[in-house]
Amino acid sequence: MSQKNRLGTGGRIDRTTPLKFQYNGKTYTGFQGDTLASAILANGIDVVGRSFKYSRPRGVVAAGAEEPNAVLQLGATEETQVPNVRATQQELFDGLTSQAVNGWPNVDNDMMSWVGKLGGKMMPPGFYYKTFMYPKSLWDTYESMIRKAAGLGRSPLENDPDTYDKVNQHCDVLVVGAGPAGLAAALTAARSGARVILADEQSEFGGSLLSSKELLDGKPATSWVKSAVDELAGCADVLLLPRATVNGYHDHNFLTIHERLTDHLADKAPVGMVRQRLHRVRAKWVVLATGAHERPLVFSNNDVPGCMIASAVSTYINRYGVVPGSELVLMTTNDYGYQAALDWHDAQRKVVAIVDTRQNPQGARVEQARKRGLNVITGSAVIEVQGSKRVSGVSVATIDAAGNKVTGAVNRLNADTVASSGGWSPVIHLSSHTGSRPVWDDKVVGFVPGPTVQKQLTAGGINGKYSINEALSEGVLAGLNALAKLDLPATEVVLPSAADMVEEASMTLFQIPHLLPTSKAPKQFVDYQTDVTAAGIEVACREGFESIEHVKRYTAMGFGTDQGKLGNINGMAVAAKALNKTIPETGTTIFRPNYTPVTFGAMVGRDCGELFDPKRYTAMHKWHVEHGAKFEDVGQWKRGWYYPKPGESMQECLDRECKATRDSVGILDASTLGKIDIQGADAREFLGRIYTNAWAKLAVGKCRYGLMCGEDGMVFDDGVTSCLGDNHFLMTTTTGGAPRVLEWLELWHQTEWPELDVYFNTVTDHWSTLTISGPNSRKLLSELTDFDLSNENFSFMDVHQCTVAGVPARVFRISFTGELSYEINVQANYGMHVWEKLFEHGKQFNLTPYGTETMHVLRAEKGFIIAGQDTDGSVHPHDLGMSWCVSDQKPFSYVGKRGMARQDCMRENRKQLVGLKTKEPKVVIPEGSQAVFDPNEPIPMTMVGHITSSYYSANLGHSIAMGVIKGGLSRMGETVYYPQADGRVIEAEICSLVFLDPKGERQNV
Amino acid sequence: MQRYSGFGLLKHSLTHHENWQRVWRNPTPKKEYDVIIIGGGGHGLATAYYLAKEHGITNVAVIEKGYLGGGNTARNTTIVRSNYLWDESAHLYEHAMKLWEGLSQDLNYNVMFSQRGVLNLGHTLQDMRDIQRRVSANRLNGIDGEVLDPQQIKEIVPHMDCSDNTRYPIMGASWQPRGGVARHDAVAWGFARGADAYGVDMLQETEVVDLVIEDGAIVGVKTNKYGVIKAGRVGSVVAGNSGVIAKMAGFDLPIESHPLQAMVSEPIKPILDTVVMSNHVHGYVSQSDKGDLVIGAGIDGWNGYGQRGSFPTIEHTMQAIVELFPIFSRVRLNRQWGGIVDTCPDACPIISKTPVENLFFNCGWGTGGFKATPGSGHVFAASLATGEMHPMAKPFSMFRFHDGALIDEHGAAGVAH
């Protein structure tokens, strides 16, 4: 197909490199340098989408980030699908595959448009709040219909093949936007040696200069752009980031830049490249040179394809060599708008008329137009457009000087393109992200950045300074200001200048009057993507939605993927008029990040999949894998869960592991338990304050179990802490709780007791912990050490330094199984060696590896708690029957003492941890089951506790459970019931927590 | 009040929608009200509505420093569920759930309450124990709930990665079919419209700058616009700013105000039909009727009143979402924002009398207040009407932090904070 709208010459495209692309299943050709939108326009495609609510045909309106309509689905394969790509920002590449996102059977002929045409009148803003309520039962049906209309593009259904990166950056000056102001600011800063980052969302630097015909010092503006970019590229400390959108401005001058590295090359990043990169920038100073977006005017049927903003028309002609139509009518409130008509005329196409809303314009561009013989109609406006899938004509009428009403007869003109310019809106989004409220400037006829606490400077269009000369000089000034703030010497910067043009004031006009009142006139669109009309805004105001935030939320104005870049100011103006207020009185909504949408992938970077969260392995992990272990995630650790033999069920495996340990000896890799090294003259005192029990008298070489509570007196963590020296302790914590506990210790030390001389250091990873447990553990250990392991020399709760399997070790005689038990700690590097040695010598004792599940069963047989499983933040030590672990004799208080002493914590009948034995010995009560005293009570039932731990004990030959029961400690022997979801009711007897060896003799042998 | 219906829409379309009535008036305040509610968010407006409707107290003003429903009502991720662990909170949220189920009809305003179900995922053995425990409690409390295995989850959310190949494979979930989402703005507007119809005055852009307290009892509030307005009783429902009002009243609250962020993707075609929450990988997501993926996670760590948060929290949230739904990697995030949540030490609200007579507080809803809106308003209205706390509100007294009768819902919160 030929590119019927392509000019023979001109533009920044490479006509020698044609590119094939697909749109809606047909193949077209564009050129290197095109955007998808310019290629679509070059090929004469009018309809690129359907509107959200009314399914009206829509065409390309703009040429940049503000485009609301040309939102397409990209991707040749399932895995490379990208929804909602703005065609104006997507560079064309060979093989690009695109589709319109709405329309059935297709975007050109959409059956849904009949719903829009016939039912549109019944769809004022918020209509869904007023209907679909009756009958109530039909809401699900209504909603599924509403939902059918939802969404623009679609998510891929296969996983993304590409990778994304993140990089942290620091700079003296981050310049946002590489138009004339940004380039000038960057040059000024860079020449003085500042570290500069210059980022621009477009593929090339130059901004508006890329589509400008103005001359700088008599030469095309783009030649200055080239020399400026070349100079910047030669500076050592300058980072140039094209295709990089600064999309968020956060507190403390932290900004994020979304750089698209390969989106212009292919669907899928070429091998070895990442698709996109997110720069996380901390900038000493930021220069916002983000320019401005042109505002379209609001008039009837202003959404018919062929209606565009004037500057976009110029951009397509000058930058892409594309004239998006044959016969142009331009409507403008200002001198700038004329450029579109001049460019159109210069491209040898017909300018039907220039319709200027001002009564008597005489600026330089106006005169240029007149000189070229163009038909300039003043004091008039295009009040309505004709056409459906393409503009076919316009109605022009004279209007009064204020622009409030039509004053004369209506003339019809034939045209296929209507360009409109209502002035410009500064791009203040980034400045607003930080909470700075923009302020209205009557001269600019727009919001400009308000006061800010950030280290932020602004230059050019964002300040409403639109001429090239102003932009350049503001850029230099911003650069100099930044240098001064940074205390860097400035170098003189001489910049070229453009010819001055006599420019007249623009007219403050947003909505064009119609012969009919707004409510009756054909639709006048304010926000194209969300189908918000001027009449809709009036309805909202009439109904009392007077705050601009209410207007926005009620009409959905600005909620589209363009975030109202094109429509918001017009909407505020329409609302202001309806409310009889000024625009500043009406106020503005808050722009939020992102400036333009950012892929999830770029936000995530590499931190997903395998790298979502680090996996922590013990030194013996490989052994566990080789021996068929199943693993359990505990915190970040992969812990061995159980070690099934071929053909063994989980329960069979646990039974075997449990019995082997109690009968002979088992081994557990306990390396994951948190270990915190605590040193200092006040270490002992600190422990006494943080644990509930006493630590003053713990002798060197002894270990003690401790409970830790929150301020509320509820158990928070537990573990054994050993005294290695008078000023030196080793604390162990639960596996998952280790980081939390270290933070907790630091918090109390740093904020409450900084006077204590104590230091904490995590040593979890430094040590491998090999726990051997069972009656034969002493025999086994004695094979690997010369140390005297006799009960007299190495008694229960001792720690000794000795040599095990030839390496230095700390051995703790502590027990979580109730058996004779040794925890052998060796430097992690030696862990595997010692582990293997133990197995070498353990064969004779049937040394059996066991995992966390068997550990749980064995400790439950003894009634030992697991913090976090048997406790839940509502249980204090007394509730656990662990009053023995609370000392009220300590001279200083301890964390949780006051909390525990509160009235509710002292009351009778609190939930207390007890043992539970099922009436049916083989039945294991599901963990989490809620307990009731009366199984026949109707729902809602009175719950009196729940099961915290529950297992089948092979050693005991029946199931065992731990759980809390209201007043449980004084209800021994009573029966409780556990109703199950499947209708069963499990009956259990309250008993002691200690199911095995109540006197604790086995660990003391 | 003008009734809304499909027929009404048709009728008004014939007159070009020029005759719609105002949804609420812009009243001039009276000198004195029976009850003044500080804060025109969802909870405050619901309180006003139920005061008028259930208790016939219509001489009521709602004083809002910004616009109605502009605080957390306008900023939350709209999730509604009642599968709380402890009896006290389960009853309160289930009370709200039952009101939700008839709210559109009661208000004659479609709040688009959509019971598309809520999944709370478990990724560890302890997660699964907690899920079993919560579902068991829910069922015995008469609240719908089921424990699902990964296969059943996959049937409900076919596009989620339920495989074993993830960092934290999904082991199961709790499922509350009656849970879902609602259109958050509509909730505020519906209650405001309903209250207005009963004669409640809504004073927008009016800030309470001080309380008028005489002999230990509140007798009015001082506003920036209208000076002192007298009141028999005052209810403060100001979420993140509760500490500010408490300070005016001369007492402290055990509340921390934190930024909580939320975000939405660009609208995409429907792909996710339920609410998916994961405590462990720490994020949650649903899809709105417009097609946006609505995403949230945990609070930002520091205290503050700025309605925006930090980027690392956003990054972490997005990591969680892509971990659950790797296919969303190429979908784009459109917008992110923040609200200020008032968090209590036990993750439960305060609905309470205060040391100042006739001054009542409703706050501390933390990250989960939206779902309670009708229930919260309903019980608070009853308390303000009678001067005695509604039985369901009683356990949520602010004095529980003195006596220790906390209701610790940390374990049951959708996302642990």
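What counts as what
Each chain has its residues counted from 1, following the order in which its sequence is written. Chains carry letters from A onward and ligands carry numbers from 1 onward, assigned in written order. The predicted origin of the model limits local features to residues at a pLDDT of at least 70 and limits the giving and counting of side-chain atom pairs to 80 or more, whereas totals for whole chains, interfaces and linings rest on all residues. Side-chain numbers here rest on the full set of heavy atoms in the structure, without hydrogens or water. In these notes, a set of buried Ala, Val, Leu, Ile, Met, Phe, Trp, Tyr and Cys residues joined through side-chain atoms within 4.5 Å is what counts as a nonpolar core. Summary of the burial criterion: residues with accessible area below 20% of their type's maximum are buried, those above 50% are exposed, and those between are partly exposed, where the area comes from a 1.4 Å probe applied to protein chains only. Between two residues, a contact is recorded if the distance between any of their heavy atoms is within 4.5 Å. UniProt positions are given in the numbering used here, feature names are shortened, and annotations may be inferred rather than shown by experiment. Counting from the N terminus, the helices are the DSSP runs of H or I reaching at least four residues and the strands are the DSSP runs of E reaching at least two. Here the rule is simple: two strands pair whenever DSSP picks up at least two bridges between them. An axis is simply a line fitted to the C-alpha atoms; with a helix, the fit covers only the stretch in contact. Between two such axes, the angle follows the N-to-C directions and lies from 0 to 180 degrees. Defined here as a combined quantity, buried area equals the accessible surface (1.4 Å probe) lost by two parts on assembly, summed across both. Any Lys or Arg side-chain nitrogen located within 4 Å of an Asp or Glu carboxyl oxygen qualifies as a salt bridge. Whenever a nitrogen or oxygen atom comes within 3.5 Å of another N or O atom, the pair is scored as a polar contact, on the condition that within protein one atom can donate a hydrogen and the other can accept it, and that pairs from neighbouring residues in sequence are kept only if both atoms are in side chains. Residues were grouped as follows: Ala, Val, Leu, Ile, Met, Phe, Trp, Tyr, Cys and Pro as nonpolar; Asp, Glu, Lys and Arg as charged; and all remaining residues, including Gly, as polar. Pairing of aromatic rings covers Phe, Tyr and Trp, the last counted by its six-membered ring, and requires centre-to-centre distances within 6.5 Å; plane angles under 30 degrees mean stacked, over 60 mean edge-to-face, and any other angle means tilted. Think of it as a cone above the ring: NZ of Lys or CZ of Arg counts as a charge over the ring if it is within 6 Å of the ring centre and within 35 degrees of the ring normal.

### Observations concerning the nonpolar core
Link 1 in the chain: Core analysis: the largest hydrophobic core is formed by 137 residues, its most contacted members being Tyr23(A), Tyr316(A) and Trp100(B).
Link 2 in the chain: Once residues lying within four places of it in the same chain are set aside, the contact partners of Tyr316(A) are Ala37(A), Ser38(A), Leu41(A), Val60(A), Ala62(A), Ala63(A), Thr88(A), Met308(A), Gly321(A), Val322(A) and Pro324(A).
Link 3 in the chain: By size, the runner-up hydrophobic cluster in this structure holds 41 residues, among which are Tyr164(A), Ala602(A), Cys162(B) and Ala320(B).

### A closer look at the UniProt feature "domain: Aminomethyltransferase C-terminal" (unreviewed entry) in chain A
Link 1 in the chain: Sites flagged by UniProt as "domain: Aminomethyltransferase C-terminal" (unreviewed entry) map to residues 911-997 of chain A.
Link 2 in the chain: Regarding residues 911-997 of chain A, the helix share stands at 0% and the strand share at 49%, and the terminal C-alpha atoms are separated by 25 Å.

### Some remarks on the sheet that holds strand S22 (residues 391-399) of chain A
Residues and elements named next belong to chain A.
Link 1 in the chain: Strand order in the open sheet made by the 3 strands is S21-S22-S23, with antiparallel pairing throughout. Of all the strands in the sheet, just strand S21 (380-387) and strand S23 (406-414) have a single pairing partner and so form its edges. If you compare each strand with its neighbour and ignore which way they point, the axes differ by 25 degrees on average.
Link 2 in the chain: When S22 meets S23, the two strands line up antiparallel, connected through 6 bridges. Each residue of the ladder has a partner; that of Ala397, found in S23, is Val410.

### As for the interface of chain B and chain A
Link 1 in the chain: Each partner contributes to the interface: chain B provides 105 residues, whereas chain A provides 122 residues.
Link 2 in the chain: Of the roughly 10,000 Å² buried where chain B meets chain A, counting both sides, 54% is carbon and sulfur surface.
Link 3 in the chain: Of all residues in chain B, the largest losses of buried area upon contact with chain A belong to Leu140(B), Arg167(B) and Arg330(B), amounting jointly to 10% of the total for that side.
Link 4 in the chain: Run the count over chain B and chain A and you get 13 salt bridges.
Link 5 in the chain: For the salt bridge of Arg330(B) with Asp162(A), the shortest nitrogen-to-oxygen distance reads 3.0 Å.
Link 6 in the chain: Joining chain B to chain A, the criterion identifies 78 residue pairs in polar contact (both at pLDDT 80 or more).
Link 7 in the chain: Elements supplying a minimum of two residues to the side of chain B that touches chain A: helix H1 (6-14), helix H4 (103-107), helix H5 (125-140), helix H7 (184-197), strand S15 (293-299), helix H9 (311-324), strand S16 (332-343) and helix H11 (400-403) of chain B.
Link 8 in the chain: Counted by class, the side of chain B that touches chain A contains 44 nonpolar, 35 polar and 26 charged residues.
Link 9 in the chain: Relative to S16(B), strand S31 (residues 598-599) of chain A runs antiparallel, the two sharing 2 bridges. Residue pairing for S16(B): Val598(A) is matched across the bridge by Leu333(B).

### Things to note about the packing of aromatic side chains
Link 1 in the chain: Tallied over the entire structure, the rule returns 47 aromatic pairs over all chains.
Link 2 in the chain: With centroids separated by 5.4 Å and ring planes inclined at 50 degrees, the aromatic side chains of Trp100(B) and Phe370(B) adopt a geometry described as tilted. With a gap of 270 residues between them, Trp100(B) in helix H3 (residues 87-100) and Phe370(B) in the loop between strand S18 (359-363) and helix H10 (373-386) connect regions that are remote in the sequence.
Link 3 in the chain: Looking at Trp100(B), the relative accessible area reads 1%, which means it is buried.
Link 4 in the chain: What makes Phe370(B) buried here is its relative accessible area of 9%.
Link 5 in the chain: An aromatic cluster is present here, built from Phe127(A), Tyr128(A), Tyr129(A), Phe132(A), Tyr142(A), Phe545(A), Tyr554(A), Tyr4(B), Trp20(B), Trp24(B), Tyr109(B) and Trp189(B) joined pairwise through their rings.
Link 6 in the chain: The ring of Trp20(B) carries the charged tip of Lys130(A) above its face, separated from the ring centre by 3.6 Å.
Link 7 in the chain: A cation over a ring is seen here: Arg193(B) above Tyr4(B), with NZ or CZ 3.6 Å from the ring centre.

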